[in-house]
Amino acid sequence: MRLHPAVTKEEATEWLTTQAKASWGEERLPELQENIDAIAEAMAIISAVELPDDLEPLFP
Amino acid sequence: MTSTVPAEPATALTELTVSEASAQIRAGSLSCSALLEAHLERIDAVDGRVKAFVYIDRDALRKEAALLDAEAAAGKFRGPLHGVTVGLKDVFHVSGMPTLAQSKASDPKLREQDSTIAARFRAAGALILGKLETTEFAASLSQPITRNPWNLEHNPGGSSSGSGAAVGARMVMAAIGTQTGGSNNRPAAYNGVSGFIASYGRISRSGLHANSWSYDHPGIIARSVEDLALCFSVIGGPDEADTTTIPTQAPPAELNSAGVRAPRIGVFREFYEPLAEPEMTACVDAAAAKFVTAGAEVHDVAMPASFALASTVSRLIGAAEKSVVHAGRMAAGPDRFGDNVRRSNLAGTLVPATYYLHAQRIRRKVVDDMKALFDTCDLILLPTAPGPAPKGDYTGDPVFLTPWTVMGYPGVNIPGGLSSDGLPLGLQMVAPPMSDYELLQNAAWCQSVLGVLPPPPLN
């Protein structure tokens, strides 16, 4: 899944749903929908955040 | 809103603070056995309703208390907590006790060696009363068994539900919880006691059932800020068994608050006011007014734009880390998990590595941006939760705590008063990383201004 240009929540949901189906089977999709929505929303928000190239991840 | 009351010397043994009991044991005016029996009686009287304890071995405790008394009689004291009662959330290993983490995936027959915190408590002479309830694997997604001693219809908060309720109900003098979002200081707030999360890396996680590695903070719950500092001085500091610990010794137990000048307090109103209940906002305002009268400098501070990203970052990083933490247990049987935790574990595996890393970069930016806030204040003041403990199974909203946990900042909860329903309202104080001792000093100053709450009306 691309990081930039920013993804929309709908794009992220579609991608996550495809991955979920492949990983856990179609029968799990209904129970995962709420979690997929939450992760998709978070992906859309953070992919829109631009950072300086030299900013390293924080691993406490 | 009902105000707190000035602190007065305790009379019943279960009303003693850690500092008071420790001093009496050292002076020979209190035995470890008498203190233990008082707490066992209290547990017998109220825990059938509160349900804070998972495991307790009375015979072993009585033997240990007798040994501690014999040592004290010979003038030998193991450390500053000799004979003091403590409890640990049931996600920490304590030798001789099971670690169930409120999960069907745990083996009740398994006994592990002491976690670093348990070992340090023992070395300091503390009497580990037992294990305290948690939600499933310390995830606030599940419902706690424990009830709130201030009103049994209400939630004690979670995930450290047993730790908060046991200290609040005077069943134990201090307890260890954990915080991955808001799981230690929210139960402290809801149960009317004090709570502390140290800067990430200042208290070892060795022997803790992980929830989300880069967020998991062991926390302390006790009745006073002085007791938090005393426990921190015992359990904090570097640990070879946890490579994320910072190579700086824990600060001293004594806060020496008498010489501390009134702090500069930044009120984080822009963040909390749209989300807090009116009664909670009034509680912060009333406390701020008392701090000003007592000599503090109080002013509002603005919220950096990046702060709003902290909770989103937490959601993404937490989902990914939790799914990996539980990957082995999930493979062995996903249906041994509760519905919400199982769904979270399955969905968390879908977070792309690129997004996990980008979220960790944003996390660094939020940490860096927040440091400037402390140019004009020593601590930031805001509510610990949007209101008092909710009714029913919901452990409450961690919205005011999660951002600081993400950043690894130290935070304290002190009681701010009671709601119109007679439930505790908690005030949160936050400071920059590694200023734990100064934060505790300032929080003790604030607590001396506000006083403490009386015991809950369980009797």
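Cut-off values and rules
Residues numbered from 1 in each chain as written. Chains lettered and ligands numbered in written order. Predicted model: local features only at pLDDT ≥ 70, side-chain atom pairs only at ≥ 80, totals over all residues. Heavy atoms only, no water. Helix = DSSP H or I, 4+ residues; strand = E, 2+ residues; numbered from the N terminus. Rg over C-alpha atoms; globule rule 2.2 N^0.38 Å. Buried < 20%, exposed > 50% of the residue type's maximum accessible area, 1.4 Å probe, protein only. Contact = heavy atoms within 4.5 Å. Areas by Shrake-Rupley, 256 points an atom, 1.4 Å probe, with all protein chains shown as cover. Lys, Arg positive; Asp, Glu negative; His and termini not counted. Charge placed at Lys NZ, Arg CZ, Asp CG, Glu CD. Salt bridge = Lys/Arg side-chain N within 4 Å of Asp/Glu carboxyl O. Core = buried A, V, L, I, M, F, W, Y, C linked by side-chain atoms within 4.5 Å. Buried area = accessible area lost by both parts, 1.4 Å probe. Polar contact = N/O pair within 3.5 Å; in protein donor to acceptor, adjacent residues only side chain to side chain. Phe/Tyr/Trp six-rings, centres within 6.5 Å; stacked < 30°, edge-to-face > 60°.

With that settled, the discussion passes to the overall build of chain B. If you tally the helices and strands in chain B, you get 15 helices and eleven strands. Against the compact-globule benchmark of 23 Å for 459 residues, chain B has a radius of gyration of 21 Å, which places it among compact chains. Considered along the principal axes of its C-alpha atoms, chain B spans approximately 60 × 60 × 45 Å. Looking at chain B residue by residue over its 459 residues, the buried ones come to 62%. Considering only intrachain contacts with a sequence separation of at least 6, the fraction spanning at least 24 residues in chain B is 77%. Only carbon and sulfur atoms are counted for the fraction: they give 54% of the accessible area of chain B, which is about 15,400 Å². Between the centroid of the 38 positive side chains of chain B and the centroid of its 45 negative side chains there is a distance of 5 Å.

Of the regular secondary structure elements, chain A holds two helices and zero strands. Here chain A has a C-alpha radius of gyration of 14 Å; the compact-globule value for 60 residues is 10 Å, and the former is much larger. Expressed as a percentage of the 60 residues in chain A, the buried residues total 40%. Intrachain contacts of chain A at a sequence separation of at least 6 include 54% that bridge at least 24 residues. Put simply, chain A shows about 3,600 Å² of open surface, and 51% of that area lies on carbon and sulfur atoms.

Further remarks concern the side chain of D47(B). All names here are of chain B. Assignment of secondary structure puts D47 in helix 2 (residues 32–50). In this structure D47 is buried but unpaired, with R58 as the nearest side chain of opposite charge at 7.3 Å. In this structure, D47 is in contact with R42, A52, F53 and M171, ignoring residues within four places of it in sequence.

The subject of this paragraph is the nonpolar core. The biggest cluster of nonpolar side chains holds 149 residues, and the ones touching the most others in it are F121(B), F268(B), F291(B), M370(B), I380(B) and W404(B). When residues no more than four places from it in sequence are discounted, the contact partners of M370(B) are F268(B), P304(B), F307(B), I380(B), W404(B), M407(B) and Y409(B).

Turning next to the side chain of T17(B). Residues and elements named next belong to chain B. As for its placement among the helices and strands, T17 is situated in the segment before helix 1 (18–27). Accessibility expressed as a relative area gives 16% for T17, which makes it buried. Excluding its chain neighbours within four sequence positions, the residues that come into contact with T17 are M173, R223 and D227.

The next thing to look at is the interface of chain B and chain A. In this assembly, 34 residues from chain B lie in contact with 34 residues from chain A. Surface buried jointly by chain B and chain A totals about 3,000 Å² across both partners, of which 72% is contributed by carbon and sulfur atoms. The three residues of chain B that bury the most area against chain A are L350(B), Y355(B) and R361(B), which together make up 25% of that side's buried surface. Taken together, chain B and chain A are joined by three salt bridges. Counting across the chain B and chain A interface gives 14 residue pairs in polar contact (both at pLDDT 80 or more).

With that settled, consider the packing of aromatic side chains. Pairs of aromatic rings are described using the distance from one ring centre to the other and the angle between the two planes. All names here are of chain B. Applying the stated criterion across every chain yields a total of eleven aromatic pairs over all chains. Each ring, one from F137 and one from F337, has its centre 5.7 Å from the other, and the planes form 35 degrees; the classification is tilted. Residue F137 is found in the loop between strand 3 (127–132) and helix 5 (161–168), and its partner F337 is found in the loop between helix 11 (327–332) and helix 12 (339–348); the two are separated by 200 residues along the sequence. Here the two residues F137 and F337 agree in accessibility, since each one is buried. Geometrically, the ring pair formed by F271 and F307 is edge-to-face, given 4.9 Å between the ring centres and 85 degrees between the ring planes. Remark: F307 occurs in the loop between strand 8 (297–300) and helix 10 (310–325) and F271 occurs in helix 8 (residues 269–272); sequence separation between them is 36 residues.

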